[in-house]
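Report on the structure
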Protein chains: 4
Amino acid sequence: MRQIRTDLAMESAGAAGGGSLPGVSVSEWEAGGVTMTEVKITTEEGASLLGKPTGLYLTMESRGVRRRDLEARKSVSALLGEELARLLPEENGGPVLVVGLGNRTVTPDSLGPLTVDRTLVTRHLFDAQPDLAARGMTPVCAVAPGVLGVTGVETSEMVRAVAEAVKPRAVIAVDSLAARAVSRVASTVQLTDTGVRPGSGVGNHRMALTGETLGAPVLAVGVPTVIYAATIARDAFGMLSGGEDTPEREQALDEMAKELLSGALGEMIVTPREVDDLVADAAAMLAGGINRALHPGLSEQDILTMMS
Amino acid sequence: MRQIRTDLAMESAGAAGGGSLPGVSVSEWEAGGVTMTEVKITTEEGASLLGKPTGLYLTMESRGVRRRDLEARKSVSALLGEELARLLPEENGGPVLVVGLGNRTVTPDSLGPLTVDRTLVTRHLFDAQPDLAARGMTPVCAVAPGVLGVTGVETSEMVRAVAEAVKPRAVIAVDSLAARAVSRVASTVQLTDTGVRPGSGVGNHRMALTGETLGAPVLAVGVPTVIYAATIARDAFGMLSGGEDTPEREQALDEMAKELLSGALGEMIVTPREVDDLVADAAAMLAGGINRALHPGLSEQDILTMMS
Amino acid sequence: MRQIRTDLAMESAGAAGGGSLPGVSVSEWEAGGVTMTEVKITTEEGASLLGKPTGLYLTMESRGVRRRDLEARKSVSALLGEELARLLPEENGGPVLVVGLGNRTVTPDSLGPLTVDRTLVTRHLFDAQPDLAARGMTPVCAVAPGVLGVTGVETSEMVRAVAEAVKPRAVIAVDSLAARAVSRVASTVQLTDTGVRPGSGVGNHRMALTGETLGAPVLAVGVPTVIYAATIARDAFGMLSGGEDTPEREQALDEMAKELLSGALGEMIVTPREVDDLVADAAAMLAGGINRALHPGLSEQDILTMMS
Amino acid sequence: MRQIRTDLAMESAGAAGGGSLPGVSVSEWEAGGVTMTEVKITTEEGASLLGKPTGLYLTMESRGVRRRDLEARKSVSALLGEELARLLPEENGGPVLVVGLGNRTVTPDSLGPLTVDRTLVTRHLFDAQPDLAARGMTPVCAVAPGVLGVTGVETSEMVRAVAEAVKPRAVIAVDSLAARAVSRVASTVQLTDTGVRPGSGVGNHRMALTGETLGAPVLAVGVPTVIYAATIARDAFGMLSGGEDTPEREQALDEMAKELLSGALGEMIVTPREVDDLVADAAAMLAGGINRALHPGLSEQDILTMMS
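These numbers were taken from a predicted model, which means no experiment stands behind them.

In this section: the overall build of chain A. Of regular secondary structure, chain A possesses twelve helices and nine strands. Taken over 308 residues, chain A has a buried fraction of 60%. Restricting to contacts in chain A with at least 6 residues of sequence separation, those with at least 24 account for 72%. About 11500 Å² of surface is accessible on chain A, with carbon and sulfur atoms providing 51% of the total.

All names here are of chain B. As for its position among the elements, His295 is in the loop between helix 11 (275-294) and helix 12 (300-307). Residue His295 is classed as buried on the basis of its relative accessible area, which comes to 0%. The sequence separation of His295 and Leu120 amounts to 175 residues, and the corresponding C-alpha distance is 8.9 Å. Every residue in contact with His295, bar those within four places of it in the chain, is listed here: Leu120, Thr122, Gly136, Met137, Thr138 and Val140.

Now for the relation of the copies chain C and chain B. Superposition of chain C onto chain B requires a rotation of 180° combined with a translation of 0.0 Å along the rotation axis, giving an RMSD of 0.0 Å. Each copy turns onto its partner about a two-fold axis. Ranked by how close their C-alpha atoms come to the rotation axis, the residues of chain C are headed by C:Ala161, at 2.5 Å. By residue overlap, the copies meet face to face through one surface: 95% of the interface positions of chain C are interface positions in chain B.

Take the packing of helix 12 (residues 300-307) of chain A against helix 4 (residues 70-87) of chain C next. One way to put it is that helix 12 of chain A packs onto helix 4 of chain C with a least axis distance of 9 Å and a crossing angle of 95°. By the angle between their axes, helix 12 of chain A is roughly perpendicular relative to helix 4 of chain C. Note on element contacts: helix 4 of chain C touches helix 12 of chain A through C:Leu70, C:Glu71 and C:Lys74, opposite A:Gln301, A:Leu304 and A:Thr305. Counted by class, the contact of helix 12 of chain A with helix 4 of chain C contains two nonpolar, two polar and two charged residues.

Our focus in this paragraph is the pairing of strand 4 (residues 96-100) of chain C. Residues and elements named next belong to chain C. Of all the five residues making up strand 4, five are buried; the element is thus mostly covered by neighbouring parts of the structure. Burial along strand 4 is two-sided: Val96, Val98 and Gly100 and Leu97 and Val99, pointing in opposite directions, are all buried. The parallel pair strand 4 and strand 5 (residues 140-143) is bridged by helix 5 (residues 111-117), and the resulting crossover is right-handed. Where strand 4 lies against strand 6 (residues 170-179), five bridges are found, and the strand directions are parallel. Residue pairing across strands places Gly100 opposite Val174, the latter belonging to strand 6.

With that out of the way, let us pick up the interface of chain C and chain B. Each partner contributes to the interface: chain C provides 20 residues, whereas chain B provides 19 residues. A combined buried area of about 1500 Å² lies between chain C and chain B, and 62% of that area is made up of carbon and sulfur atoms. For the pair chain C and chain B, the interface holds two salt bridges. Of the charged contacts, one joins C:Glu157 and B:Arg123 as a salt bridge, the two residues approaching to 2.8 Å between their closest N and O atoms. Scanning the region where chain C abuts chain B turns up six residue pairs in polar contact (both at pLDDT 80 or more).

Residues and elements named next belong to chain C. The buried fraction of strand 2 (residues 34-41) is high, at seven of eight residues. Summarising the sheet, strand 1 (residues 24-31) and strand 2 pair through eight bridges and their orientation is antiparallel. Its bridge partner being in strand 2, Trp29 is matched across the sheet by Met36. Taking the residues that link successive antiparallel strands as the turn, the strand 1-strand 2 hairpin has two residues, and the phi of Gly32 there is positive, at about 55°. By the bridge criterion, seven bridges tie strand 2 to strand 3 (residues 55-61) in an arrangement that is antiparallel. In the strand pairing of strand 3, Met36 is matched with Met60.

As a further point, take the confidence of the model for chain A. Interpreting fine coordinate detail is not advised for predicted regions of low pLDDT. On average, residues of chain A carry a pLDDT of 88, and 88% of them reach 70 or more. Here the predicted complex carries an ipTM of 0.88, next to a pTM of 0.88.

The next point concerns helix 11 (residues 275-294) of chain A. Counting along an α-helix, one turn takes 3.6 residues, and residues three or four places apart therefore face a common direction. Helix length check: helix 11 of chain A, at 20 residues, gives a terminal C-alpha distance of 28 Å against a target of 28 Å (1.5 Å per residue), a fit within 8%. Burial analysis of helix 11 of chain A places 15 of its 20 residues in the buried class, which makes it a mostly covered element.

Take the side chain of D:Thr35 next. Residue position: D:Thr35 is located in strand 2 (residues 34-41). There is a polar contact of 2.9 Å between the side chain of D:Thr35 and the side chain of D:Glu30.

This paragraph deals with the environment of D:Cys141. Relative to the helices and strands, D:Cys141 resides in strand 5 (residues 140-143). Separated by 44 residues in the primary sequence, D:Cys141 and D:Leu97 have C-alpha atoms spaced 5.0 Å apart. Sequence-distant contacts of D:Cys141, defined by excluding residues within four places in its chain, comprise A:Thr151, A:Gly152, A:Val153, D:Pro95, D:Val96, D:Leu97, D:Val98, D:Val121, D:Arg123 and D:Val166.

Thresholds applied
- Residues numbered from 1 in each chain as written.
- Chains lettered and ligands numbered in written order.
- Predicted model: local features only at pLDDT ≥ 70, side-chain atom pairs only at ≥ 80, totals over all residues.
- Heavy atoms only, no water.
- Helix = DSSP H or I, 4+ residues; strand = E, 2+ residues; numbered from the N terminus.
- Buried < 20%, exposed > 50% of the residue type's maximum accessible area, 1.4 Å probe, protein only.
- Contact = heavy atoms within 4.5 Å.
- Areas by Shrake-Rupley, 256 points an atom, 1.4 Å probe, with all protein chains shown as cover.
- Least-squares fit on C-alpha atoms with pLDDT ≥ 70 in both.
- Axes fitted to C-alpha atoms, helices over the stretch in contact; angles between N-to-C directions.
- Parallel < 35°, antiparallel > 145°, perpendicular 65-115°, else oblique.
- Nonpolar A, V, L, I, M, F, W, Y, C, P; charged D, E, K, R; others polar.
- Right-handed = clockwise from strand over helix to strand, strands pointing away.
- Pairing = 2+ DSSP bridges.
- Buried area = accessible area lost by both parts, 1.4 Å probe.
- Salt bridge = Lys/Arg side-chain N within 4 Å of Asp/Glu carboxyl O.
- Polar contact = N/O pair within 3.5 Å; in protein donor to acceptor, adjacent residues only side chain to side chain.
- pLDDT = per-residue confidence, 0-100.
- Expected span 1.5 Å × (residues − 1).

See below:
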């Protein structure tokens with residue numbers, strides 16, 4: 001079965017036929033103006049159908065975020081904080097390691113590093129003030145390991161080295177994603193307990209970041225910042241050709257898109273004109289959720305004060 | 001007659017039927033590995049056919065620039081310097097004013113401000129060292145006036161105010177452009193003696209910068225950093241529908257593209273993934289040409305030393 | 001009489017003998033944890049004694065700001081907003097022009113440009129929505145004109161050109177200052193109705209920005225980001241030599257400091273190690289006060305939303 | 001015996017009495033307009049006298065670098081490349097790991113990260129092109145691990161983790177230094193085979209980076225970007241008090257400086273006004289030397305092309 005190229009499980013599920021797939025359950029609800037979609041892939045068959053590993057994928061979607069509405073961003077941030085807190089493993093004495101994937105100097109790929117910049121780091125304070133845990137804080141460390149072309153070290157190799165050194169209780173990996181639908185760019189947060197898989201992200205990670213490779217559960221958080229240029233081409237084909245959406249037609253469209261994109265166009269990304277601002281917004285929104293989940297004892301004001 | 005949306009006169013000419021148009025002459029040659037295309041629009045009929053004012057449009061194209069080849073960039077920089085020097089009006093005691101159009105914080109729109117950062121500014125040195133002219137230097141001032149949404153002042157209003165204050169002999173306006181062909185993004189420089197017209201550029205200028213508005217000849221220099229998303233859609237349509245390229249067919253494709261792009265897609269840009277690096281390259285290349293044209297008495301080494 | 005080198009009138013007054021000087025009145029009070037000092041120079045004799053033009057100088061001082069306390073910054077921001085609103089001239093249809101002086105790429109001199117980045121610009125919205133005034137908003141434009149060495153245009157020349165174009169009701173000029181006392185660096189805001197005078201600021205302006213030169217009242221706002229290296233030397237001399245603080249002794253110390261600083265040391269600045277963060281804090285604090293003064297009808301939330 | 005606070009061994013040696021100290025040899029010569037000073041600490045007695053570990057300290061000094069002269073920077077860069085090449089251990093199949101110490105967002109502490117940005121990274125290319133070694137290239141990886149307050153991970157812990165992962169043949173650690181003499185700020189490069197010791201650098205490293213801790217030889221390269229504020233105070237005292245430079249007098253001056261600096265002044269740094277530019281220059285100069293030492297088969301042009 002055809003798999004469209006997207007980092008969002010909800011889009012894969014939608015394209016593959018929605019909730020009626022074997023080994024896949026999809027549910028959707030509203031919460032504070034945010035549309036939540038939960039995709040659970042429970043069997044290997046479901047994983048194969050969606051091209052994604054088994055596990056939980058939670059998507060929070062809000063058009064207001066794309067329009068840069070502050071309240072909308074706060075709502076998503078709060079929801080992300082709640083869901084992250086729910087998914088974090090039991091306290092075991094180890095810190096939570098926040099990893100910002102991607103390349104700081106490539107704007108649509110810079111979400112991870114920018115989020116790390118806004119994450120409240122506290123691990124180094126716990127030695128001198130062991131009562132911080134009692135005050136509702138978690139020891140947190142945060143790194144932006146850079147990308148292979150810049151450091152000469154595979155991102156996963158770098159994260160594994162840091163994880164071995166700090167023995168984290170959990171890893172939160174933040175990354176720029178690619179979506180299928182234009183409307184989801186910069187308006188959607190995906191949270192998954194399946195880690196980061198090879199080939200995903202704007203920067204195309206070559207190796208997995210998972211519980212197996214890092215020795216601690218990996219929660220991955222991301223926001224789509226680009227769509228594939230092929231998307232536009234396929235939508236154009238689809239619109240022009242009309243007709244029913246059969247697998248044969250889909251395949252024909254895919255092949256045409258592939259041909260169209262085999263040249264220079266294939267290296268292009270499609271992104272909102274104001275991507276610099278939208279990535280900064282998204283980083284603040286994700287960091288807000290992460291900070292709330294990890295430090296429930298601190299008010300937003302406390303966090304701002306400690307960050308500055 | 002249909003006009004495609006591009007800031008490159010050579011693309012407008014190509015789409016309209018090339019060199020056989022009334023009031024339009026097109027010639028092309030090679031120089032140092034760079035393809036030069038000269039479009040001259042000599043009559044109002046030609047201007048109307050191409051949707052661009054009468055005047056000279058010179059395009060320098062090199063695939064090596066897009067591949068970030070240093071030699072290719074130097075070749076284009078040298079050619080740009082020669083052509084600029086040829087187009088500059090006679091020395092009249094006034095400075096040359098370099099204007100960097102666009103928004104520094106929107107990467108694909110930041111070419112102008114980044115070029116200004118690399119331009120050797122000398123006007124303030126001439127008072128104390130009047131012999132600089134004899135040493136092959138020109139008094140140069142350079143500003144990046146910002147965009148309306150950021151300053152509350154129309155760009156052209158700001159440039160006009162500065163021009164009134166410094167009474168320039170000529171204005172060189174640098175801007176990010178939009179192209180029609182993917183292959184021309186970040187590989188092509190356009191130099192024109194027609195100034196900057198409303199609606200052009202990535203940031204869509206609302207008012208003209210011309211000899212009439214500024215009181216001095218305006219040379220405009222730009223590099224395409226984006227293509228319109230509509231381009232991909234139209235190419236997809238064209239590919240799928242096959243058939244001859246008749247005006248009727250073109251119009252039909254345009255209308256379909258328009259419909260496709262009426263939603264969220266219309267706000268998207270298509271740009272190379274490494275646009276941050278490519279814009280920085282292009283800014284250095286343009287500034288190199290500008291510095292050579294304005295200070296023929298200085299070696300590259302001298303300029304580097306004075307810039308640092 | 002000896003004049004110490006400082007951009008803060010309160011320091012000049014303190015060094016010259018405080019409130020007992022002819023033509024100078026000094027008063028001090030507390031407001032919301034902030035120490036307010038008002039220096040009024042009412043005669044030319046007072047101006048000569050303090051080395052500053054006649055007018056009002058209001059200083060807001062809070063140690064918490066230097067410690068990066070968020071509440072302290074909010075208190076100062078609120079007070080600045082009130083005082084600015086009080087000093088602004090009557091509404092006359094013209095916009096308020098906010099000018100960020102200094103060099104964006106020299107950290108201690110970047111306060112002005114960074115403040116402009118955070119100022120809510122609205123002038124361009126009033127054409128389409130003339131009811132904004134009724135909703136408690138002011139038309140605002142904002143520019144960071146750069147410095148002479150970077151643009152080749154004298155800062156005052158540039159500001160004058162913009163002022164001629166937009167005909168402002170008032171100008172608010174923001175600049176980095178130099179202080180005498182270490183404790184005032186990054187902890188103090190000075191607001192004055194006397195404009196910006198030659199030789200002041202970290203970047204040493206060469207020409208005045210005043211009501212006379214700009215055709216509209218000029219309110220100047222600044223925060224000290226550096227002290228002069230001579231300060232430390234003089235304090236060291238004073239400490240070592242002990243004895244009473246006579247004019248003769250002061251002069252002797254000044255001369256020694258001058259000699260000590262005649263070499264490479266004279267080019268050095270003394271600044272807090274975390275100056276990058278402190279300047280960013282100060283820019284947000286000043287912009288907060290400016291935004292409140294100019295848009296009393298908007299909540300902090302509204303301003304954040306419109307800025308993003 | 002009194003030890004002045006400086007990261008430059010040549011200053012420690014000068015203050016302690018120069019080349020006549022037991023266990024310390026000092027020699028000085030000129031090379032291409034650059035003053036080279038070699039300090040060898042050969043015994044523990046010498047180490048104790050100078051407050052620095054035994055080993056080689058090579059200083060390259062050029063006033064032209066401080067004046068931003070391009071030729072001077074190239075001369076120092078070339079010399080640094082030669083000396084680094086001489087000190088590198090034999091090829092053993094492992095990569096060279098370049099580590100940029102310090103905090104990217106604190107200008108005077110950002111030399112290490114900025115140098116890493118300009119270092120040619122090649123380790124990831126050797127898998128696909130094993131003949132690169134035969135073409136005079138070395139596998140290089142490069143990281144800027146950030147500082148404890150930002151990551152929650154001790155710098156040395158992070159570097160050790162990366163070193164364990166990549167098994168380097170040698171580590172080159174780049175850091176901002178503090179000097180005693182104003183004239184050496186931004187004009188001097190120190191290269192040592194002793195690694196990085198606790199308490200050194202602008203950011204005050206808490207743990208050592210040495211062959212023992214990292215399992216590979218550590219060459220440390222640095223440029224002073226600040227002087228201690230105490231320096232000015234002490235010079236002022238010394239100038240005022242006159243008299244001979246006896247140990248007792250030195251101690252008295254130190255104590256006074258300490259008292260003077262116990263307050264807010266102690267948190268201040270003394271740095272050139274144009275420190276942003278000088279740090280960028282120094283980073284390019286160091287990276288130039290590192291790139292030449294590690295890739296002797298590449299021309300400057302080749303390196304520029306591969307970096308871009």
